[in-house]
Number of protein chains: 2
Amino acid sequence: METTAVVIGSGNVATHFARALQHAGAKILCIYSRTAEHAAEAGKLLGIPYTSEWEQVPENGNLYLYAVSDAALPGLLARELAPQALHVHTAGSISLDVFPASKPNHGVIYPLQTFSKDKELNFSEVPLLVEAVTPEITNKLINFAGTLSTAVYTIKSAQRQKIHLAAVFACNFVNHMYAIADEILCASDIPVGVLRPLIAETASKIKTLSPADAQTGPAVRNDKLIIDKHLTLLKQYPELHEIYNMISNSIINRKKSQDSACKN
Amino acid sequence: METTAVVIGSGNVATHFARALQHAGAKILCIYSRTAEHAAEAGKLLGIPYTSEWEQVPENGNLYLYAVSDAALPGLLARELAPQALHVHTAGSISLDVFPASKPNHGVIYPLQTFSKDKELNFSEVPLLVEAVTPEITNKLINFAGTLSTAVYTIKSAQRQKIHLAAVFACNFVNHMYAIADEILCASDIPVGVLRPLIAETASKIKTLSPADAQTGPAVRNDKLIIDKHLTLLKQYPELHEIYNMISNSIINRKKSQDSACKN
(Lines give C-alpha, C1' and ligand atoms only; values in the text may rest on other atoms or scores of the structure.)
Protein backbone atom coordinates (compact mmCIF):
# COMPACT_ATOMS: atom_id res chain seq x y z
CA MET A 1 0.00 0.00 0.00
CA GLU A 2 1.30 3.44 -0.87
CA THR A 3 2.18 5.60 2.10
CA THR A 4 0.22 8.83 2.07
CA ALA A 5 1.76 10.87 4.83
CA VAL A 6 0.95 14.05 6.67
CA VAL A 7 3.83 15.70 8.52
CA ILE A 8 2.94 17.67 11.63
CA GLY A 9 5.76 20.10 12.44
CA SER A 10 8.23 22.03 10.30
CA GLY A 11 11.47 22.03 12.30
CA ASN A 12 14.76 20.27 11.62
CA VAL A 13 13.46 16.77 12.38
CA ALA A 14 10.22 17.31 10.41
CA THR A 15 11.97 18.55 7.26
CA HIS A 16 14.68 15.85 7.28
CA PHE A 17 12.01 13.20 7.84
CA ALA A 18 9.84 14.62 5.07
CA ARG A 19 12.77 14.53 2.66
CA ALA A 20 13.45 10.91 3.61
CA LEU A 21 9.78 10.06 3.04
CA GLN A 22 9.92 11.63 -0.42
CA HIS A 23 13.15 9.78 -1.16
CA ALA A 24 11.46 6.50 -0.17
CA GLY A 25 8.60 7.20 -2.60
CA ALA A 26 5.95 8.13 -0.04
CA LYS A 27 3.43 10.76 -0.99
CA ILE A 28 3.24 13.68 1.43
CA LEU A 29 -0.25 15.16 1.37
CA CYS A 30 0.60 18.14 3.55
CA ILE A 31 3.01 19.63 6.09
CA TYR A 32 1.51 21.51 9.03
CA SER A 33 2.99 24.14 11.32
CA ARG A 34 1.01 26.40 13.63
CA THR A 35 3.20 29.26 12.34
CA ALA A 36 2.13 30.24 8.81
CA GLU A 37 5.60 31.41 7.86
CA HIS A 38 7.25 28.14 8.95
CA ALA A 39 4.61 26.05 7.18
CA ALA A 40 5.15 27.99 3.95
CA GLU A 41 8.92 27.80 4.19
CA ALA A 42 8.93 24.03 4.72
CA GLY A 43 6.24 23.40 2.10
CA LYS A 44 8.08 25.40 -0.54
CA LEU A 45 11.43 23.81 0.34
CA LEU A 46 9.95 20.34 -0.08
CA GLY A 47 7.57 21.20 -2.91
CA ILE A 48 4.51 19.93 -1.04
CA PRO A 49 1.20 21.41 0.15
CA TYR A 50 1.37 23.17 3.50
CA THR A 51 -0.96 24.74 6.02
CA SER A 52 -1.05 26.47 9.38
CA GLU A 53 -4.80 25.88 9.78
CA TRP A 54 -5.59 22.69 11.68
CA GLU A 55 -8.93 22.38 9.89
CA GLN A 56 -7.07 22.07 6.59
CA VAL A 57 -4.92 19.12 7.65
CA PRO A 58 -6.07 16.31 5.33
CA GLU A 59 -8.05 13.47 6.89
CA ASN A 60 -7.21 10.97 4.15
CA GLY A 61 -3.61 10.15 5.03
CA ASN A 62 -2.65 6.70 6.25
CA LEU A 63 0.37 7.94 8.23
CA TYR A 64 0.54 10.99 10.46
CA LEU A 65 4.06 11.83 11.57
CA TYR A 66 4.48 14.22 14.51
CA ALA A 67 7.81 16.05 14.80
CA VAL A 68 7.00 18.85 17.22
CA SER A 69 8.25 19.96 20.63
CA ASP A 70 7.54 17.68 23.57
CA ALA A 71 5.41 20.44 25.08
CA ALA A 72 3.21 20.75 21.97
CA LEU A 73 2.75 17.04 21.26
CA PRO A 74 0.00 16.06 23.77
CA GLY A 75 -2.18 19.00 22.75
CA LEU A 76 -1.89 18.15 19.05
CA LEU A 77 -2.59 14.46 19.65
CA ALA A 78 -5.74 15.38 21.60
CA ARG A 79 -7.25 17.03 18.52
CA GLU A 80 -9.63 15.07 16.31
CA LEU A 81 -7.80 13.70 13.28
CA ALA A 82 -8.06 10.57 11.12
CA PRO A 83 -8.88 8.10 13.92
CA GLN A 84 -8.17 4.98 11.85
CA ALA A 85 -4.81 6.11 10.47
CA LEU A 86 -1.42 5.28 11.93
CA HIS A 87 -0.13 8.08 14.16
CA VAL A 88 3.61 8.18 14.90
CA HIS A 89 5.64 10.55 17.03
CA THR A 90 9.39 11.05 16.75
CA ALA A 91 10.35 12.21 20.27
CA GLY A 92 13.16 10.59 22.23
CA SER A 93 11.80 11.24 25.70
CA ILE A 94 8.05 10.84 25.25
CA SER A 95 6.51 7.53 26.11
CA LEU A 96 4.26 5.52 23.82
CA ASP A 97 1.34 6.13 26.20
CA VAL A 98 1.11 9.79 25.23
CA PHE A 99 -1.38 8.75 22.51
CA PRO A 100 -5.05 9.20 23.45
CA ALA A 101 -7.67 6.47 23.03
CA SER A 102 -8.97 8.33 19.96
CA LYS A 103 -5.80 7.25 18.10
CA PRO A 104 -5.66 3.48 18.66
CA ASN A 105 -3.10 2.81 15.91
CA HIS A 106 0.06 4.46 17.06
CA GLY A 107 3.79 4.15 17.49
CA VAL A 108 7.11 5.92 17.70
CA ILE A 109 9.99 6.31 15.26
CA TYR A 110 12.77 8.14 17.06
CA PRO A 111 15.60 9.17 14.74
CA LEU A 112 18.82 9.08 16.77
CA GLN A 113 20.61 11.86 14.95
CA THR A 114 21.30 15.61 15.08
CA PHE A 115 19.50 17.47 12.32
CA SER A 116 20.19 21.00 11.15
CA LYS A 117 18.34 22.53 8.22
CA ASP A 118 21.55 23.75 6.61
CA LYS A 119 23.35 20.41 6.83
CA GLU A 120 22.38 17.56 4.54
CA LEU A 121 22.90 14.03 5.74
CA ASN A 122 22.41 10.51 4.54
CA PHE A 123 19.11 9.54 6.18
CA SER A 124 19.59 5.89 5.20
CA GLU A 125 22.27 5.65 7.94
CA VAL A 126 20.19 7.29 10.69
CA PRO A 127 19.33 4.79 13.45
CA LEU A 128 15.54 4.65 13.72
CA LEU A 129 14.23 3.43 17.10
CA VAL A 130 10.80 1.92 16.66
CA GLU A 131 8.07 1.11 19.16
CA ALA A 132 4.35 0.52 18.63
CA VAL A 133 1.17 -0.38 20.46
CA THR A 134 0.74 -3.92 19.03
CA PRO A 135 3.08 -6.49 17.44
CA GLU A 136 1.25 -5.97 14.13
CA ILE A 137 1.82 -2.24 14.13
CA THR A 138 5.39 -2.77 15.32
CA ASN A 139 6.04 -4.97 12.29
CA LYS A 140 4.36 -2.46 10.03
CA LEU A 141 6.51 0.35 11.45
CA ILE A 142 9.70 -1.74 11.20
CA ASN A 143 8.97 -2.37 7.55
CA PHE A 144 8.15 1.26 6.93
CA ALA A 145 11.24 2.49 8.82
CA GLY A 146 13.27 0.05 6.71
CA THR A 147 12.31 2.01 3.60
CA LEU A 148 13.87 5.13 5.17
CA SER A 149 17.00 3.71 6.80
CA THR A 150 19.08 0.55 6.99
CA ALA A 151 19.49 0.93 10.78
CA VAL A 152 16.17 0.07 12.44
CA TYR A 153 15.94 -1.04 16.09
CA THR A 154 12.96 -1.99 18.25
CA ILE A 155 13.30 -0.14 21.56
CA LYS A 156 10.82 0.32 24.44
CA SER A 157 9.98 3.77 25.83
CA ALA A 158 12.10 3.46 28.99
CA GLN A 159 15.19 2.44 27.02
CA ARG A 160 14.56 5.10 24.39
CA GLN A 161 14.52 7.74 27.12
CA LYS A 162 17.95 6.60 28.33
CA ILE A 163 19.29 6.59 24.79
CA HIS A 164 18.02 10.14 24.38
CA LEU A 165 19.80 11.11 27.60
CA ALA A 166 23.04 9.46 26.41
CA ALA A 167 22.63 11.25 23.07
CA VAL A 168 22.48 14.63 24.83
CA PHE A 169 25.93 13.90 26.30
CA ALA A 170 27.36 12.39 23.09
CA CYS A 171 26.02 15.11 20.80
CA ASN A 172 24.73 18.33 22.39
CA PHE A 173 27.28 18.45 25.20
CA VAL A 174 30.08 17.41 22.84
CA ASN A 175 29.05 20.23 20.52
CA HIS A 176 29.09 22.64 23.45
CA MET A 177 32.69 21.61 24.17
CA TYR A 178 33.46 22.50 20.53
CA ALA A 179 31.71 25.85 21.09
CA ILE A 180 33.84 26.58 24.17
CA ALA A 181 37.06 25.64 22.34
CA ASP A 182 35.92 27.92 19.52
CA GLU A 183 35.37 30.76 21.97
CA ILE A 184 38.81 30.34 23.57
CA LEU A 185 40.53 30.38 20.18
CA CYS A 186 38.45 33.26 18.78
CA ALA A 187 39.33 35.39 21.81
CA SER A 188 43.01 34.86 20.89
CA ASP A 189 42.58 35.34 17.13
CA ILE A 190 43.60 31.77 16.44
CA PRO A 191 41.93 30.09 13.45
CA VAL A 192 39.54 27.42 14.69
CA GLY A 193 40.45 25.15 11.79
CA VAL A 194 43.64 24.18 13.63
CA LEU A 195 41.50 21.93 15.87
CA ARG A 196 39.77 20.04 13.03
CA PRO A 197 42.15 17.06 12.82
CA LEU A 198 41.97 16.68 16.61
CA ILE A 199 38.18 16.76 16.63
CA ALA A 200 38.00 14.23 13.80
CA GLU A 201 40.50 11.88 15.44
CA THR A 202 38.74 12.11 18.83
CA ALA A 203 35.48 10.96 17.21
CA SER A 204 37.29 8.36 15.10
CA LYS A 205 39.22 6.78 17.99
CA ILE A 206 36.14 5.47 19.73
CA LYS A 207 35.25 3.34 16.72
CA THR A 208 38.01 1.01 17.85
CA LEU A 209 38.77 2.01 21.47
CA SER A 210 36.39 2.38 24.41
CA PRO A 211 36.13 6.03 25.53
CA ALA A 212 37.94 5.03 28.74
CA ASP A 213 40.87 3.60 26.76
CA ALA A 214 40.86 6.48 24.30
CA GLN A 215 41.19 9.17 26.97
CA THR A 216 44.35 11.32 26.95
CA GLY A 217 45.29 14.72 28.37
CA PRO A 218 46.03 16.28 31.74
CA ALA A 219 43.01 15.05 33.74
CA VAL A 220 43.38 11.34 33.02
CA ARG A 221 47.09 11.63 33.96
CA ASN A 222 46.02 13.69 37.00
CA ASP A 223 48.59 16.28 35.87
CA LYS A 224 47.87 19.01 38.43
CA LEU A 225 50.53 21.28 36.94
CA ILE A 226 48.68 21.66 33.63
CA ILE A 227 45.23 21.60 35.21
CA ASP A 228 46.21 24.51 37.47
CA LYS A 229 47.68 26.44 34.53
CA HIS A 230 44.47 25.99 32.58
CA LEU A 231 42.31 27.02 35.55
CA THR A 232 44.44 30.17 35.86
CA LEU A 233 43.89 30.94 32.17
CA LEU A 234 40.13 30.62 32.77
CA LYS A 235 40.07 32.83 35.88
CA GLN A 236 38.16 35.60 34.13
CA TYR A 237 35.56 33.15 32.76
CA PRO A 238 33.83 31.78 35.89
CA GLU A 239 31.47 29.51 33.98
CA LEU A 240 34.24 27.90 31.90
CA HIS A 241 36.43 27.68 35.01
CA GLU A 242 33.71 25.70 36.76
CA ILE A 243 33.07 23.44 33.76
CA TYR A 244 36.80 22.75 33.36
CA ASN A 245 37.14 21.93 37.03
CA MET A 246 34.07 19.71 37.21
CA ILE A 247 34.79 17.65 34.08
CA SER A 248 38.46 17.24 35.01
CA ASN A 249 37.45 15.96 38.44
CA SER A 250 34.95 13.61 36.86
CA ILE A 251 37.69 12.21 34.57
CA ILE A 252 40.03 11.81 37.55
CA ASN A 253 37.33 10.12 39.67
CA ARG A 254 36.36 7.71 36.90
CA LYS A 255 40.01 6.81 36.30
CA LYS A 256 40.44 6.03 39.99
CA SER A 257 37.38 3.81 40.12
CA GLN A 258 38.61 1.96 37.01
CA ASP A 259 42.07 1.53 38.49
CA SER A 260 40.67 0.19 41.73
CA ALA A 261 38.23 -2.02 39.82
CA CYS A 262 41.19 -3.56 37.97
CA LYS A 263 42.92 -4.41 41.23
CA ASN A 264 39.97 -6.31 42.68
CA MET B 1 72.10 17.04 6.74
CA GLU B 2 70.75 13.76 8.03
CA THR B 3 68.72 14.01 11.21
CA THR B 4 70.19 11.83 13.95
CA ALA B 5 67.61 11.97 16.69
CA VAL B 6 67.39 10.93 20.30
CA VAL B 7 63.88 10.59 21.75
CA ILE B 8 63.50 11.30 25.46
CA GLY B 9 60.29 9.71 26.73
CA SER B 10 58.41 6.56 25.77
CA GLY B 11 54.73 7.47 26.12
CA ASN B 12 52.06 7.93 23.45
CA VAL B 13 53.48 11.17 22.04
CA ALA B 14 57.07 9.87 22.09
CA THR B 15 56.28 6.66 20.22
CA HIS B 16 54.04 8.31 17.61
CA PHE B 17 56.71 10.99 17.06
CA ALA B 18 59.45 8.37 16.80
CA ARG B 19 57.47 6.49 14.18
CA ALA B 20 56.96 9.70 12.21
CA LEU B 21 60.70 10.40 12.42
CA GLN B 22 61.45 6.95 11.06
CA HIS B 23 58.89 7.42 8.32
CA ALA B 24 60.59 10.71 7.34
CA GLY B 25 63.94 8.94 7.06
CA ALA B 26 65.54 10.27 10.25
CA LYS B 27 67.89 8.00 12.14
CA ILE B 28 66.92 7.48 15.78
CA LEU B 29 70.03 6.76 17.81
CA CYS B 30 68.20 5.89 21.02
CA ILE B 31 64.95 6.17 22.95
CA TYR B 32 65.20 6.93 26.67
CA SER B 33 62.77 6.32 29.51
CA ARG B 34 63.62 6.41 33.20
CA THR B 35 61.60 3.18 33.52
CA ALA B 36 63.60 0.26 32.10
CA GLU B 37 60.50 -1.67 31.13
CA HIS B 38 59.00 1.26 29.20
CA ALA B 39 62.29 1.97 27.43
CA ALA B 40 62.56 -1.67 26.35
CA GLU B 41 58.95 -1.83 25.21
CA ALA B 42 59.24 1.31 23.07
CA GLY B 43 62.69 0.36 21.72
CA LYS B 44 61.53 -3.09 20.68
CA LEU B 45 58.30 -1.75 19.18
CA LEU B 46 60.24 0.73 17.05
CA GLY B 47 63.28 -1.50 16.43
CA ILE B 48 65.72 1.05 17.84
CA PRO B 49 68.29 1.16 20.67
CA TYR B 50 66.85 2.06 24.07
CA THR B 51 68.08 2.84 27.55
CA SER B 52 66.89 3.81 31.00
CA GLU B 53 70.38 4.97 32.07
CA TRP B 54 70.90 8.68 31.49
CA GLU B 55 74.66 8.14 31.11
CA GLN B 56 73.98 5.96 28.09
CA VAL B 57 71.98 8.57 26.19
CA PRO B 58 74.15 9.25 23.09
CA GLU B 59 75.87 12.64 22.89
CA ASN B 60 76.27 12.56 19.10
CA GLY B 61 72.68 13.30 18.03
CA ASN B 62 71.85 16.55 16.28
CA LEU B 63 68.22 16.56 17.51
CA TYR B 64 66.96 15.76 21.00
CA LEU B 65 63.21 15.43 21.19
CA TYR B 66 61.59 15.57 24.66
CA ALA B 67 58.14 14.00 25.00
CA VAL B 68 57.78 13.62 28.76
CA SER B 69 55.40 14.90 31.42
CA ASP B 70 55.44 18.63 32.13
CA ALA B 71 56.62 17.85 35.65
CA ALA B 72 59.63 15.82 34.44
CA LEU B 73 60.74 18.16 31.65
CA PRO B 74 62.67 20.90 33.56
CA GLY B 75 64.70 18.32 35.51
CA LEU B 76 65.67 16.46 32.33
CA LEU B 77 66.60 19.67 30.52
CA ALA B 78 68.84 20.67 33.42
CA ARG B 79 71.02 17.59 32.90
CA GLU B 80 74.22 17.88 30.86
CA LEU B 81 73.62 16.65 27.32
CA ALA B 82 74.94 17.56 23.86
CA PRO B 83 75.15 21.37 24.38
CA GLN B 84 75.49 22.20 20.68
CA ALA B 85 72.62 20.04 19.44
CA LEU B 86 69.06 21.19 18.83
CA HIS B 87 66.79 20.44 21.81
CA VAL B 88 63.04 20.40 21.18
CA HIS B 89 60.16 19.81 23.56
CA THR B 90 56.64 18.78 22.52
CA ALA B 91 54.50 20.14 25.38
CA GLY B 92 51.44 22.30 24.77
CA SER B 93 51.55 24.27 27.99
CA ILE B 94 55.27 24.75 28.60
CA SER B 95 56.87 27.97 27.48
CA LEU B 96 59.96 28.18 25.30
CA ASP B 97 61.89 29.68 28.22
CA VAL B 98 61.95 26.35 30.06
CA PHE B 99 65.26 25.62 28.31
CA PRO B 100 68.38 26.38 30.41
CA ALA B 101 71.33 28.43 29.13
CA SER B 102 73.29 25.20 28.69
CA LYS B 103 71.02 24.38 25.71
CA PRO B 104 71.18 27.51 23.55
CA ASN B 105 69.71 25.87 20.43
CA HIS B 106 66.16 25.02 21.31
CA GLY B 107 62.57 25.07 20.23
CA VAL B 108 59.14 23.49 20.49
CA ILE B 109 57.15 21.24 18.19
CA TYR B 110 53.72 20.71 19.75
CA PRO B 111 51.66 18.07 17.95
CA LEU B 112 48.00 19.08 18.28
CA GLN B 113 46.53 15.62 18.31
CA THR B 114 45.38 12.84 20.66
CA PHE B 115 47.72 9.86 20.60
CA SER B 116 46.99 6.38 21.89
CA LYS B 117 49.46 3.57 21.49
CA ASP B 118 46.80 1.20 20.20
CA LYS B 119 45.46 3.58 17.58
CA GLU B 120 47.44 4.29 14.43
CA LEU B 121 47.01 7.63 12.75
CA ASN B 122 48.29 9.51 9.76
CA PHE B 123 50.99 11.72 11.28
CA SER B 124 51.30 13.71 8.04
CA GLU B 125 47.95 15.37 8.89
CA VAL B 126 48.84 16.22 12.50
CA PRO B 127 49.10 20.01 13.01
CA LEU B 128 52.60 20.76 14.30
CA LEU B 129 52.92 24.05 16.20
CA VAL B 130 56.48 25.30 15.98
CA GLU B 131 58.39 27.91 18.00
CA ALA B 132 62.12 28.43 18.43
CA VAL B 133 64.65 30.71 20.07
CA THR B 134 65.95 32.42 16.88
CA PRO B 135 64.57 32.99 13.38
CA GLU B 136 67.25 30.63 12.02
CA ILE B 137 66.26 27.82 14.32
CA THR B 138 62.60 28.56 13.67
CA ASN B 139 63.20 28.08 9.94
CA LYS B 140 65.17 24.94 10.59
CA LEU B 141 62.35 23.55 12.74
CA ILE B 142 59.70 24.53 10.20
CA ASN B 143 61.62 22.66 7.51
CA PHE B 144 62.13 19.68 9.75
CA ALA B 145 58.46 19.65 10.88
CA GLY B 146 57.52 19.80 7.19
CA THR B 147 59.15 16.40 6.68
CA LEU B 148 56.79 14.95 9.32
CA SER B 149 53.52 16.69 8.51
CA THR B 150 51.89 18.90 5.90
CA ALA B 151 50.26 21.09 8.59
CA VAL B 152 52.98 23.23 10.19
CA TYR B 153 52.18 26.48 12.02
CA THR B 154 54.44 28.99 13.81
CA ILE B 155 52.85 29.76 17.18
CA LYS B 156 54.23 31.64 20.22
CA SER B 157 54.14 30.10 23.71
CA ALA B 158 51.20 32.17 25.00
CA GLN B 159 49.02 31.23 22.01
CA ARG B 160 50.12 27.61 22.18
CA GLN B 161 48.96 27.46 25.79
CA LYS B 162 45.50 28.68 24.78
CA ILE B 163 45.35 26.18 21.94
CA HIS B 164 46.22 23.44 24.42
CA LEU B 165 43.41 24.62 26.68
CA ALA B 166 40.95 24.66 23.76
CA ALA B 167 42.15 21.17 22.82
CA VAL B 168 41.31 19.86 26.29
CA PHE B 169 37.70 20.94 25.72
CA ALA B 170 37.54 19.76 22.08
CA CYS B 171 39.19 16.40 22.75
CA ASN B 172 39.51 15.23 26.36
CA PHE B 173 36.21 16.68 27.56
CA VAL B 174 34.45 15.54 24.39
CA ASN B 175 35.78 12.05 24.99
CA HIS B 176 34.53 12.21 28.56
CA MET B 177 31.05 13.01 27.25
CA TYR B 178 31.36 9.84 25.12
CA ALA B 179 32.41 7.95 28.26
CA ILE B 180 29.36 9.17 30.18
CA ALA B 181 27.04 8.26 27.29
CA ASP B 182 28.71 4.86 27.24
CA GLU B 183 28.11 4.45 30.96
CA ILE B 184 24.42 5.38 30.70
CA LEU B 185 23.87 2.90 27.88
CA CYS B 186 25.89 0.11 29.48
CA ALA B 187 23.86 0.43 32.67
CA SER B 188 20.76 -0.27 30.55
CA ASP B 189 22.27 -3.05 28.43
CA ILE B 190 21.96 -0.99 25.28
CA PRO B 191 24.69 -1.51 22.66
CA VAL B 192 26.86 1.60 22.49
CA GLY B 193 27.20 1.24 18.72
CA VAL B 194 23.75 2.76 18.33
CA LEU B 195 25.32 6.19 19.05
CA ARG B 196 28.08 5.92 16.41
CA PRO B 197 26.27 7.69 13.54
CA LEU B 198 25.29 10.50 15.94
CA ILE B 199 28.85 10.93 17.19
CA ALA B 200 30.23 10.95 13.64
CA GLU B 201 27.63 13.46 12.42
CA THR B 202 28.20 15.75 15.44
CA ALA B 203 31.92 15.94 14.61
CA SER B 204 31.22 16.24 10.88
CA LYS B 205 28.68 19.08 11.20
CA ILE B 206 31.19 21.59 12.48
CA LYS B 207 33.24 21.28 9.30
CA THR B 208 30.56 23.41 7.65
CA LEU B 209 28.59 24.97 10.54
CA SER B 210 29.85 26.94 13.54
CA PRO B 211 29.30 25.01 16.81
CA ALA B 212 26.73 27.64 17.77
CA ASP B 213 24.76 27.05 14.54
CA ALA B 214 25.20 23.27 14.78
CA GLN B 215 23.71 23.00 18.27
CA THR B 216 20.47 21.02 18.70
CA GLY B 217 18.74 19.32 21.62
CA PRO B 218 16.77 20.31 24.70
CA ALA B 219 19.15 22.89 26.20
CA VAL B 220 19.48 25.14 23.14
CA ARG B 221 15.67 25.08 22.81
CA ASN B 222 15.46 25.71 26.57
CA ASP B 223 13.08 22.73 26.71
CA LYS B 224 12.60 22.49 30.48
CA LEU B 225 10.28 19.50 30.14
CA ILE B 226 13.02 17.25 28.71
CA ILE B 227 15.80 18.77 30.84
CA ASP B 228 13.80 17.98 33.99
CA LYS B 229 13.10 14.43 32.81
CA HIS B 230 16.81 13.88 32.19
CA LEU B 231 17.76 15.33 35.57
CA THR B 232 15.27 12.96 37.18
CA LEU B 233 16.85 10.00 35.36
CA LEU B 234 20.24 11.10 36.73
CA LYS B 235 19.07 11.54 40.34
CA GLN B 236 21.06 8.55 41.59
CA TYR B 237 24.25 9.79 39.85
CA PRO B 238 25.05 13.09 41.62
CA GLU B 239 28.16 13.80 39.54
CA LEU B 240 26.40 13.26 36.20
CA HIS B 241 23.39 15.20 37.48
CA GLU B 242 25.64 18.18 38.22
CA ILE B 243 27.46 17.94 34.88
CA TYR B 244 24.16 17.73 32.98
CA ASN B 245 22.79 20.72 34.84
CA MET B 246 25.91 22.85 34.46
CA ILE B 247 26.46 22.23 30.74
CA SER B 248 22.75 22.68 29.95
CA ASN B 249 22.78 26.03 31.76
CA SER B 250 25.92 27.02 29.90
CA ILE B 251 24.25 26.22 26.56
CA ILE B 252 21.14 28.20 27.61
CA ASN B 253 23.25 31.19 28.76
CA ARG B 254 25.32 31.24 25.60
CA LYS B 255 22.19 31.06 23.45
CA LYS B 256 20.74 34.04 25.33
CA SER B 257 23.87 36.14 24.90
CA GLN B 258 23.93 35.30 21.17
CA ASP B 259 20.26 36.20 20.81
CA SER B 260 20.75 39.50 22.58
CA ALA B 261 23.92 40.14 20.57
CA CYS B 262 21.91 39.71 17.37
CA LYS B 263 19.40 42.31 18.50
CA ASN B 264 21.99 44.99 19.16
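The structure contained in this document is the topic of the report that follows. (Residues numbered from 1 in each chain as written. Chains lettered and ligands numbered in written order. Predicted model: local features only at pLDDT ≥ 70, side-chain atom pairs only at ≥ 80, totals over all residues. Heavy atoms only, no water.)

### Describing the relation of the copies chain A and chain B
Part 1 of the reasoning: Note on the identical chains: chain A maps onto chain B by a rotation of 180° and an axial translation of 0.0 Å, with an RMSD of 0.0 Å. In symmetry terms, the pair is related by a two-fold rotation axis. Every residue of chain A has its C-alpha some distance from the rotation axis, and the shortest such distance is that of A:Val174, at 2.5 Å.
Part 2 of the reasoning: The fraction of interface residues of chain A whose copies in chain B are also interface residues reaches 100%, indicating that both copies meet through the same surface. (Least-squares fit on C-alpha atoms with pLDDT ≥ 70 in both. Contact = heavy atoms within 4.5 Å.)

### Side note on the side chain of A:Ser93
Part 1 of the reasoning: Tracing the chain through its elements places A:Ser93 in the loop between β5 (86–89) and β6 (106–111).
Part 2 of the reasoning: Residue class for A:Ser93 comes out buried when judged on its relative accessible area of 3%.
Part 3 of the reasoning: In terms of polar contacts, A:Ser93 uses its side chain to reach the side chain of B:His230, at 3.2 Å.
Part 4 of the reasoning: Excluding anything up to four places from it in sequence, A:Ser93 contacts A:Asp70, A:Gln161, A:His164, B:Ile226, B:Lys229 and B:His230. (Helix = DSSP H or I, 4+ residues; strand = E, 2+ residues; numbered from the N terminus. Buried < 20%, exposed > 50% of the residue type's maximum accessible area, 1.4 Å probe, protein only. Polar contact = N/O pair within 3.5 Å; in protein donor to acceptor, adjacent residues only side chain to side chain.)

### Structural notes on the packing of aromatic side chains
Residues and elements named next belong to chain A.
Part 1 of the reasoning: In this structure the tally under the stated criterion is 12 aromatic pairs over all chains.
Part 2 of the reasoning: Taking 5.1 Å as the distance between ring centres and 90° as the angle between the ring planes, the aromatic pair formed by Tyr 32 and Trp 54 counts as edge-to-face. Of this pair, Tyr 32 sits in strand β2 (residues 27–32) while Trp 54 sits in the loop between β3 (50–51) and β4 (63–66), and the two are 22 residues apart along the sequence.
Part 3 of the reasoning: Taking 6.0 Å as the distance between ring centres and 20° as the angle between the ring planes, the aromatic pair formed by Phe 115 and Phe 123 counts as stacked.
Part 4 of the reasoning: Within the aromatic cluster, the residues linked to one another by ring pairs are Phe 17, Phe 115 and Phe 123. (Phe/Tyr/Trp six-rings, centres within 6.5 Å; stacked < 30°, edge-to-face > 60°.)

### Section: the nonpolar core
Part 1 of the reasoning: One finds A:Phe169, A:Leu195, B:Phe169 and B:Leu195 to be the most contacted residues of the largest nonpolar core, which totals 122 residues.
Part 2 of the reasoning: What B:Phe169 contacts, discounting residues up to four positions off in sequence, is A:Met177, A:Ile180, A:Ala181, A:Ile184, A:Leu234, A:Leu240, A:Ile243, A:Tyr244 and B:Val174. (Core = buried A, V, L, I, M, F, W, Y, C linked by side-chain atoms within 4.5 Å.)

### Re the sheet that holds β4(A)
Residue and element names in this part refer to chain A.
Part 1 of the reasoning: Pairing within the open sheet is mixed, and its eight strands lie in the order β3-β2-β1-β4-β5-β6-β7-β8. Strands with a single pairing partner mark the edges of an open sheet, and in this sheet they are β3 and β8 (152–154).
Part 2 of the reasoning: Direction of pairing for strand β7 (residues 128–132) relative to β8: parallel, over a ladder of three bridges. Across the sheet, Leu 128 pairs through a bridge with Val 152, a residue of β8.
Part 3 of the reasoning: Lying on the sheet, helix α1 (residues 12–23) is in contact with β1 (4–8), β2, β4, β6 and β7; it crosses β1 at an angle near 170°. (Pairing = 2+ DSSP bridges. Axes fitted to C-alpha atoms, helices over the stretch in contact; angles between N-to-C directions.)

### Brief notes about the sheet that holds strand β3 (residues 50–51) of chain B
Residues and elements named next belong to chain B.
Part 1 of the reasoning: Strand order in the open sheet formed by eight strands is β3-β2-β1-β4-β5-β6-β7-β8, with mixed pairing between adjacent strands. For this open sheet the edge positions go to β3 and β8 (152–154), each flanked by a neighbour on one side alone.
Part 2 of the reasoning: Judged from the five bridges that link them, strand β1 (residues 4–8) and strand β2 (residues 27–32) form a sheet pairing that is parallel. For Thr 4, the partnering residue across the bridge sits in β2 and is Lys 27.
Part 3 of the reasoning: Across the sheet, helix α5 (residues 157–187) lies against β5 (86–89), β6 (106–111) and β7 (128–132), angled at about 20° from β6, the strand it touches most.

Structural measurements only, silent on function.
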